[in-house]
Amino acid sequence: MPPGQQQPPPPSSSPGAPGPPEPGVLLLTGARLTDGRTVDVRLAGGRIEAVGTAGSLAPARRTGRRGAGPRGGARESGDGSRVDLSGYLLLPAPAEPHAHADTALTGDTDGPVSYAPEDVQRRAVEAALLQLAHGATALRAHVRVGDARGLGALGAVLEAQRALRGLAELTTVAVPRVLTGAAGAEGLAVLRDAVELGAEVVGGCPDGDPDPTGHLEAVLGLAAEHGRAVDLHTDGTDPARLARIAAMAGDLRTGVALGPCGGLELLPVDVAARTADQLAAAGVTVVCLPQGGCAGAEGLGTAPVRLLRSAGVRVAAGSGALRDVANPVGRGDPLEAAYLLAARHGLGPEEAYDAVSASARAVLGLPEVRVEAGFPADLLAVRGERLAGALSLGYSRVVVHRGRVVARTSAVREFCDTAASVALGLPRQGRGELS
């Protein structure tokens, strides 16, 4: 370890440490699906065991029910074996393919930001829980390695990964700055150490290296050597560089993702279309950031998602900065990312939600989720009847990971009654009268 670099914290859990509790049998009742059906869904062993018409399934046992939220919210049985999702839309859970766990929640810090391992770990856990409450049961965290930080931030995020077991799946991308020339020798050594330490994905920033091609060769070579996927930061303003990435990525079977690629939107349409064709042919995924960029990629807008999709490129959407200097008001909400793709970039609600769910999970190498028997029980219930409404006003949410409710958010609106509202029979939600 070069002098001055922070050591990663020692592991806090041993191989024999207790893991998350085994999920029992959970029955979700009265949930609405996107095809309009109202169903019961039984979960067991972390998977969807059965899906049937409303009222047709029964849990392992039933007890008296207790309220789990305000009137109209999801309710569960006393032993947690049954959750009433009447009024909720049930969806495959979203995933977060582009988070920055080491810098999250630092945007409003007074004074210098602390990168002490214990502070990074605390922020990483808090950020992951915020995103879990929004519905993201799996997250990919990009973590800077090398320079003054060494492997300290990565070690801290790996500790956060252990702390989150059973709640959310957190994977890490080791992101070096320079990998070529005299300065790059140390960066490459640290990147190797990061993979040995436990980073699941090899990252890179070719735009910031004096030799972008050499940087790519180093990243892809190390990934091939260790059987790791690759996730590259690039603004996408250089079509020749993207063409080189596509040419070099074609032989890497573990997968290559690029993001945020906002500069593609600035290229002439014919150049952008040709680049999209090259990325599609190489099987490269583009991860766009419709809620805002991340460090080094602010202000470039969002990648041209419709052009990329029409060329056959898999497009996923992430959140990027979560209340750090790159985006002090970042929310980390996948439904907001999908909303922006639908509202500003011309995707339909189903296509937009796919970008934060099925396509995002594919980037992370996770199995597909459908609300069908046999699929993983990673689900999001959002109050509403249709997907468009859920993307617009889906505040109340119930999050299920591996067959267990792991997060719940309840939002209540209350309005004063008026003669017109009473006469028209307008719906109102609340617990009592407003004064």
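Refer to the structure above for everything that follows.
The following refers to the structure shown. (Residues numbered from 1 in each chain as written. Predicted model: local features only at pLDDT ≥ 70, side-chain atom pairs only at ≥ 80, totals over all residues. Heavy atoms only, no water.)

1. Concerning helix H1 (residues 117-134)
1) Next: Between its first and last C-alpha, H1 extends 26 Å over 18 residues, near the 26 Å set by a 1.5 Å rise per residue.
2) Next: For H1, the complete set of buried residues consists of Pro 117, Val 120, Arg 123, Ala 124, Val 125, Ala 127, Ala 128, Gln 131 and Leu 132.
3) Next: A positive phi of about 130° marks Gly 135, the residue just after H1. (Helix = DSSP H or I, 4+ residues; strand = E, 2+ residues; numbered from the N terminus. Expected span 1.5 Å × (residues − 1). Buried < 20%, exposed > 50% of the residue type's maximum accessible area, 1.4 Å probe, protein only.)

2. Here we look at the sheet that holds strand E13 (residues 256-260)
Across a sheet, strands are paired by hydrogen bonds formed along the backbone, either parallel or antiparallel in direction.
1) Next: Here we have 8 strands laid out as an open sheet, ordered E8-E9-E10-E11-E12-E13-E14-E15, and parallel in their pairing. For this open sheet the edge positions go to strand E8 (96-99) and strand E15 (315-317), each flanked by a neighbour on one side alone. When the angles between neighbouring strand axes are averaged without regard to direction, this sheet yields 25°.
2) Next: Sheet analysis places strand E9 (residues 138-144) next to strand E10 (residues 169-175), joined by 7 bridges and oriented parallel. Looking at the pairing, Arg 144 lines up with Val 175 of E10. (Pairing = 2+ DSSP bridges. Axes fitted to C-alpha atoms, helices over the stretch in contact; angles between N-to-C directions.)

3. Looking at the pattern of salt bridges
1) Next: The final tally for this structure, using the stated rule, is 15 salt bridges.
2) Next: Ionic pairing is found between Glu 49 and Arg 42, a salt bridge with its closest N-O pair at 2.5 Å.
3) Next: For Arg 42, a relative accessible area of 19% puts it in the buried group.
4) Next: For Asp 333, the salt bridge is made with Arg 397, and the minimal N-O distance between the two is 2.9 Å. Of this pair, Asp 333 sits in the loop between E15 and helix H8 (334-344) while Arg 397 sits in strand E17 (residues 397-401), and the two are 64 residues apart along the sequence.
5) Next: For Asp 333, a relative accessible area of 9% puts it in the buried group.
6) Next: Linked by salt bridges that have partners in common, Asp 207, Asp 238 and Arg 241 make up one network. (Salt bridge = Lys/Arg side-chain N within 4 Å of Asp/Glu carboxyl O.)

4. Points about empty space enclosed by the protein
1) Next: With the rule as written, the count across this model stands at 1 cavity of 30 Å³ or more.
2) Next: Empty space within the largest cavity amounts to approximately 100 Å³.
3) Next: If you list the elements that add at least two residues to the lining of the largest cavity, you get H1 and E9.
4) Next: For the lining of the largest cavity, the element with the highest residue contribution is H1, accounting for 4 residues.
5) Next: Looking at the lining of the largest cavity, its residues break down into 11 nonpolar, 4 polar and 1 charged. (1 Å grid on protein atoms, 1.4 Å probe; cavity = no way out; pocket = protein on both sides within 12 Å on 5 of 7 lines; lining within 4 Å. Points joined across faces, edges and corners; volume = space filled by probe spheres on them. Nonpolar A, V, L, I, M, F, W, Y, C, P; charged D, E, K, R; others polar.)

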